Amino acid sequence: MVSIHLKTSMITTKQICPFLFDPSVVSKSYNFCCWEFLALFVIFLQCTVKGSPELHIHWFWNDMELSDGEKYKISFKNGSATLEILNLEITQSGSYTCEVSNNAGSESCSTLVSVKGLSRLAFPPCLRKDLQTVEAVKGAAAQLECEVTGTAPFEISWFKNKKAITSDEKFKIISQETLSRLEIRTFESADVGDYQCVIANDVGKITTKALAKLKGWYAKSQFK
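Residues numbered from 1 in each chain as written. Predicted model: local features only at pLDDT ≥ 70, side-chain atom pairs only at ≥ 80, totals over all residues. Heavy atoms only, no water.

**Student:** What's the story with the pattern of salt bridges in this structure? I'm lost.
**Tutor:** Think of it this way: side chains of opposite charge can pair up when their charged atoms draw near. The full count for this structure, using the stated rule, is four salt bridges. For Arg-128, the salt bridge is made with Glu-147, and the minimal N-O distance between the two is 3.2 Å. Of this pair, Arg-128 sits in strand β10 (residues 126–129) while Glu-147 sits in strand β12 (residues 142–149), and the two are 19 residues apart along the sequence. Overall, Arg-128 belongs to the exposed group, its relative accessible area being 56%. Glu-147 gets classed as partly exposed once you look at its relative accessible area, which sits at 22%. The shortest N-O distance in the salt bridge between Glu-145 and Arg-181 comes to 2.8 Å. Taken together, the residues Glu-145 in strand β12 and Arg-181 in strand β16 (residues 179–184) connect sequence positions 36 residues apart. A relative accessible area of 17% places Glu-145 in the buried class. The class of Arg-181 is buried, set by a relative accessible area of 19%. Put simply, Lys-129, Glu-145 and Arg-181 are held in one network by salt bridges that share partners. (Salt bridge = Lys/Arg side-chain N within 4 Å of Asp/Glu carboxyl O. Helix = DSSP H or I, 4+ residues; strand = E, 2+ residues; numbered from the N terminus. Buried < 20%, exposed > 50% of the residue type's maximum accessible area, 1.4 Å probe, protein only.)

Below you can see the structure in the form of structure tokens.
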């Protein structure tokens, strides 16, 4: 009897770009997943194999059998069958299959690999300035502000106690390039809470949080 389980991992050996696309499962079946990578990366497809010896391992790309060479490295050690794809190219997108067999039978497992071209370097958001706790005077204006680095454009969202905030009579959101500011026009007791700013672009997402409270509110509440 032969059993097989495919998992896909990725390792960068060239500092072409500092990020990788997260894999997304398109089927609940363990042997049918879709993975997105950037061109010029080196990736590894690895199968965990169990069965009685002698086991024979074969790798296929779109039904064409692969062999060791300039584009691929194939190995089988300690129950792991590995296909290393060198200097990944857009033309290498497609279905990759690992087939294992012995005298008792055979099993196979496949995954889809989608390769995207690297037209420009892109960097995920990274906080240069976090939100800071705000102590506001009742009836006065207050603001929370954060600054981010990374590759624009950014999609910026604000939340209070996990509920989305938009610009209205109470709040004003100002986002300019790498800076985002939430202005609370008139701070009242109802505005006390946890505020959150989420910044995202095509290659990543980051979150910063802070508390907004009335000046002296906690001290006064202790004497009630």
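**Student:** Mind showing me how you'd approach the side chain of Thr-97 here?
**Tutor:** Along the polypeptide, Thr-97 turns up in strand β8 (residues 94–102). Among the residues examined, Thr-97 registers a relative accessible area of 15% and is labelled buried. At a separation of 2.6 Å, a polar atom in the side chain of Thr-97 contacts the side chain of Ser-110. Here Thr-97 is in contact with His-58, Trp-59, Phe-60, Ser-108, Cys-109 and Ser-110, once residues within four sequence places are set aside. (Polar contact = N/O pair within 3.5 Å; in protein donor to acceptor, adjacent residues only side chain to side chain. Contact = heavy atoms within 4.5 Å.)

**Student:** What's the story with the sheet that holds strand β13 (residues 155–160) in this structure? I'm lost.
**Tutor:** Pairing between the strands of a sheet is mediated by backbone hydrogen bonds and can be parallel or antiparallel. Overall, mixed pairing links the five strands, which are arranged β11-β18-β17-β13-β14 in an open sheet. Taken across any chain shown, the strands that pair with only one partner, and hence form the sheet edges, are β11 (134–136) and β14 (163–165). Between one strand axis and the next, the sheet turns through 30° on average, direction left out of account. Sheet topology places β13 next to β14; three bridges connect them, and they run antiparallel. If you follow Lys-160 over to β14, its bridge partner there is Lys-163. (Pairing = 2+ DSSP bridges. Axes fitted to C-alpha atoms, helices over the stretch in contact; angles between N-to-C directions.)

**Student:** Whenever I open this one, the confidence of the model for the protein confuses me. Can you help?
**Tutor:** When pLDDT is low, close inspection of the predicted coordinates is not appropriate. For the protein, per-residue confidence averages 77 on the pLDDT scale, and residues scoring 70 or more make up 75% of the total. Here residues 1–35 is modelled with pLDDT under 50, and outside its nearest four sequence neighbours on either side it reaches 101 contacts, counting other chains as well. Scored below 50 in pLDDT, residues 218–224 makes two contacts in the model with residues more than four places away or belonging to other chains. (pLDDT = per-residue confidence, 0-100.)

**Student:** Would you take a moment to explain the pairing of strand β15 (residues 171–176) for this structure?
**Tutor:** Side chains on a regular strand alternate between the two faces of the sheet. Here six bridges tie β15 to β16, and the two strands are oriented antiparallel to one another. Of the residues in β16, the one forming a bridge with Ile-173 is Leu-182. Counting the residues between successive antiparallel strands, the hairpin from β15 to β16 contains two residues, one of them, Glu-177, with a positive phi of roughly 55°.

**Student:** What should I look at first to understand empty space enclosed by the protein in this one?
**Tutor:** Using a probe with the size of a water molecule, rolled over the atoms, empty space left in the structure can be pinpointed. A full pass over the atoms with the stated rule returns one cavity of 30 Å³ or more. Lining the largest cavity we find Ile-174, Gln-176, Leu-179, Ser-180 and Arg-181. Breaking the lining of the largest cavity down by element, the ones donating at least two residues are β15 and β16. At three residues, the largest contribution of residues to the lining of the largest cavity is made by β16. Residue composition of the lining of the largest cavity, by class: two nonpolar, two polar and one charged. (1 Å grid on protein atoms, 1.4 Å probe; cavity = no way out; pocket = protein on both sides within 12 Å on 5 of 7 lines; lining within 4 Å. Points joined across faces, edges and corners; volume = space filled by probe spheres on them. Nonpolar A, V, L, I, M, F, W, Y, C, P; charged D, E, K, R; others polar.)

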